[in-house]
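# Structural description and commentary
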Amino acid sequence: MFSYCTDPSTLDGFQWLSCYLTTGKHMNLYTSVFVVLALLAITAPVALTFGFGAATASRSRIAPLRWFGKGYTNIVRGVPDIAFFLFFVIALDQGFEWLRHKIKCPDWDQPIRQGIDFVVCDAAKLPLSNAPQWVHETYGFFLAVLTFSIVFGAFAANILFGAMRAVPKGQIETAEAYGMTRRQAFWRILVPQMWVYALPGLSNLWMVLIKATPLLFLLGVEDIVYWARELGGTKNARFTDYPHGDWRMWYFFALLIFYLAFTKVSEMTLDRIMARLTKGQATSGGEAQRKAAA
């Protein structure tokens with residue numbers, strides 16, 4: 001905070017704005033940008049891992065694995081995202097506490113379900129009531145990453161399953177004819193080639209994931225949309241040293257610029273990845289590159 005911010009009544013326009021934009025709540029807004037970026041950076045590979053596992057399970061010759069893969073994909077995709085975020089996180093949190101309760105408090109003689117209340121011993125609570133604030137925030141962020149990963153992992157599974165089926169069967173049969181096992185043909189032939197078919201769908205899923213980050217507030221994480229609404233609302237001298245009118249339009253306009261710029265950079269990056277993947281492939285993108293180089 002600048003030294004001249006101690007007396008806002010003496011500030012000119014630029015000084016007032018510089019002081020206003022460096023308040024504690026604005027620092028929380030700037031921090032929330034990194035929270036959103038961290039969520040995307042962690043959720044994307046985790047969701048892709050879930051999706052790859054479910055897609056592989058859906059192709060399995062073992063019936064229970066195949067049922068699990070297809071069941072996970074179809075059930076999660078069939079539930080509205082907002083309903084999943086509202087109720088699944090509560091069930092997940094209570095599931096963790098129930099497991100800890102069974103381990104840490106085996107002598108507990110009271111029912112865990114007491115009407116609408118979920119009661120566990122103090123040692124089983126997540127996080128502990130005496131834990132520092134950063135532990136509570138980290139736990140909430142962990143639940144958010146896990147929930148986003150499960151939801152978008154189901155969509156990724158559907159995309160990857162279709163991409164696996166798009167790889168010509170003749171290549172798998174040729175690999176097996178040359179002596180490769182089913183596992184070797186999967187990892188050396190199918191997996192490297194499926195990405196060129198999966199990337200268009202995964203690109204769209206990445207864009208949807210970016211747009212879904214405002215749902216963080218449903219999981220108790222204070223994201224950039226929360227702070228934009230909080231800071232943009234009407235402030236008067238009774239509640240703040242820097243009163244202003246309703247500035248929500250400007251805050252949300254800044255969010256519009258942020259999301260548009262982020263999606264544009266993502267689009268450019270994904271286009272370069274697609275160009276690299278299609279090079280030499282027998283696809284429309286690879287054929288276009290071949291003709292351009294001729």
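Up top is the structure.
Description of the structure in this document. (Residues numbered from 1 in each chain as written. Predicted model: local features only at pLDDT ≥ 70, side-chain atom pairs only at ≥ 80, totals over all residues. Heavy atoms only, no water.)

### Observations regarding the overall build of the protein chain
The following threshold applies: Working definition: helices are DSSP H or I runs of at least four residues, strands are E runs of at least two. Numbering for both runs from the N terminus. Classification of residues uses two cut-offs on accessible area relative to the type maximum, computed with a 1.4 Å probe and protein chains only: under 20% is buried, over 50% is exposed, and between them is partly exposed. The contact definition used throughout considers only heavy atoms, calling two residues in contact when any of these lie within 4.5 Å. Each accessible area is a Shrake-Rupley result for a 1.4 Å probe, and residues are judged covered by the shown protein chains and nothing else. When charges are counted, Lys and Arg are positive and Asp and Glu negative, with His and the chain ends excluded. The atom standing in for a charge is NZ when the residue is Lys, CZ when it is Arg, CG when it is Asp and CD when it is Glu.
A count of helical and extended segments in the protein chain gives 10 helices and 2 strands. For the protein chain, the succession of helices and strands along the chain, N to C, is α-α-α-α-β-β-α-α-α-α-α-α. Counting only C-alpha atoms and orienting by the principal axes, one finds that the protein chain spans roughly 80 × 70 × 30 Å. When each of the 294 residues of the protein chain is scored for burial, the buried share is 35%. Partitioning the intrachain contacts of the protein chain with sequence separation of at least 6 by distance along the chain shows that 68% fall at a separation of at least 24. Summed over all atoms, the accessible surface of the protein chain reaches about 17,800 Å², with 64% contributed by carbon and sulfur. Placing the 27 positive and 20 negative side-chain charges of the protein chain at their respective mean positions leaves the two points 16 Å apart.

### Topic: a nonpolar patch on the surface
Here is the rule we go by: Here, patches come from residues exposed beyond 30% relative accessible area and free of salt bridges, joined within 9 Å for like charges and within 5 Å for nonpolar side chains (Val, Leu, Ile, Met, Phe, Trp, Tyr). Salt bridge, as applied in this entry: a Lys or Arg side-chain nitrogen positioned within 4 Å of an Asp or Glu carboxyl oxygen.
A surface patch of nonpolar side chains, about 660 Å² in accessible area, is lined by Met 249, Trp 250, Phe 253, Leu 256, Ile 257 and Leu 260. In this structure, Leu 260 sits in helix H9 (residues 248-278).

### Some remarks on the nonpolar core
Nonpolar side chains tend toward joint burial in soluble globular proteins. Quick note on the threshold: We define the nonpolar core as a collection of buried residues of types Ala, Val, Leu, Ile, Met, Phe, Trp, Tyr and Cys that are connected through side-chain atoms lying within 4.5 Å of one another.
Counting residues in hydrophobic clusters, the biggest one holds 60 residues, and the most contacted among them are Phe 148, Phe 152 and Met 194. Elements with a contribution of two residues or more to this core: helix H1 (13-20), helix H2 (24-58), helix H3 (63-78), helix H4 (81-104), helix H5 (133-166), helix H7 (182-212), helix H8 (224-232) and H9. Looking at this core, the element that brings in the most residues is H5, giving 16 residues. Setting aside residues no more than four positions away along its own chain, Phe 148 makes contact with Leu 39, Thr 43, Phe 85, Gly 153, Leu 209, Ala 212, Thr 213, Leu 215, Leu 216 and Leu 219. Membership of the second largest hydrophobic core comes to 5 residues, among which are Cys 105, Ile 112, Val 120 and Ala 124.

### Thoughts on the state of the cysteines
Applied cut-off: Only a pair of cysteine sulfur atoms within 2.5 Å qualifies as a disulfide here.
Overall, the coordinates contain 1 disulfide when judged by the stated rule. Between the sulfur atoms of Cys 105 and its disulfide partner Cys 121 the distance amounts to 1.8 Å. One disulfide, between Cys 105 and Cys 121, carries an S-S torsion of 85° and so falls in the right-handed class. One end of the pair, Cys 105, is in the loop between H4 and strand E1 (113-114); the other, Cys 121, is in the loop between strand E2 (117-118) and H5, and 16 residues separate them in sequence. Judged by relative accessible area, Cys 105 falls into the buried class, the value being 14%.

### Remarks on the environment of Thr 56
As for its placement among the helices and strands, Thr 56 is situated in helix H2. Between the C-alpha atoms of Thr 56 and Lys 70, which are 14 residues apart in sequence, the distance is 10.0 Å. Once you skip the residues sitting within four places of it in the chain, Thr 56 turns out to touch Met 164 and Phe 186.

### Focus: H5
Put simply, the rule is: Each helix should span, by expectation, one fewer than its residue count multiplied by 1.5 Å. One axis is fitted to the seven residues ending at the residue and one to the seven starting there. The bend at that residue is the angle between these axes.
With 34 residues, H5 should reach 50 Å at 1.5 Å per residue; the first-to-last C-alpha distance of 49 Å fits that figure. Of all the bends in H5, the greatest measures close to 25° and is centred on Gly 153.

### Considering the packing of aromatic side chains
To be explicit about the condition: Only Phe, Tyr and Trp rings take part, Trp by its six-membered ring, and two of them pair if their centres are within 6.5 Å. Stacked means planes under 30 degrees apart, edge-to-face means over 60, and tilted covers everything else.
Here the structure, examined in full by the defined rule, presents 11 aromatic pairs. Ring geometry for Phe 52 versus Phe 186: centroids 6.2 Å apart, planes at 45°, classification tilted. Of this pair, Phe 52 sits in helix H2 while Phe 186 sits in helix H7; the two residues are 134 residues apart in sequence, bridging distant segments of the chain. The exposure classification of Phe 52 matches that of Phe 186, with both residues buried. The interplanar angle of 75° and the centroid separation of 5.2 Å between the aromatic rings of Phe 258 and Tyr 259 together place this pair among those described as edge-to-face. For Phe 258, a relative accessible area of 24% translates into the label partly exposed. A residue is classified by how much of its surface remains accessible, and Tyr 259, at 15% relative accessible area, is buried. An aromatic cluster is present here, built from Trp 206, Phe 258, Tyr 259 and Phe 262 joined pairwise through their rings.

By themselves these figures say nothing about function.
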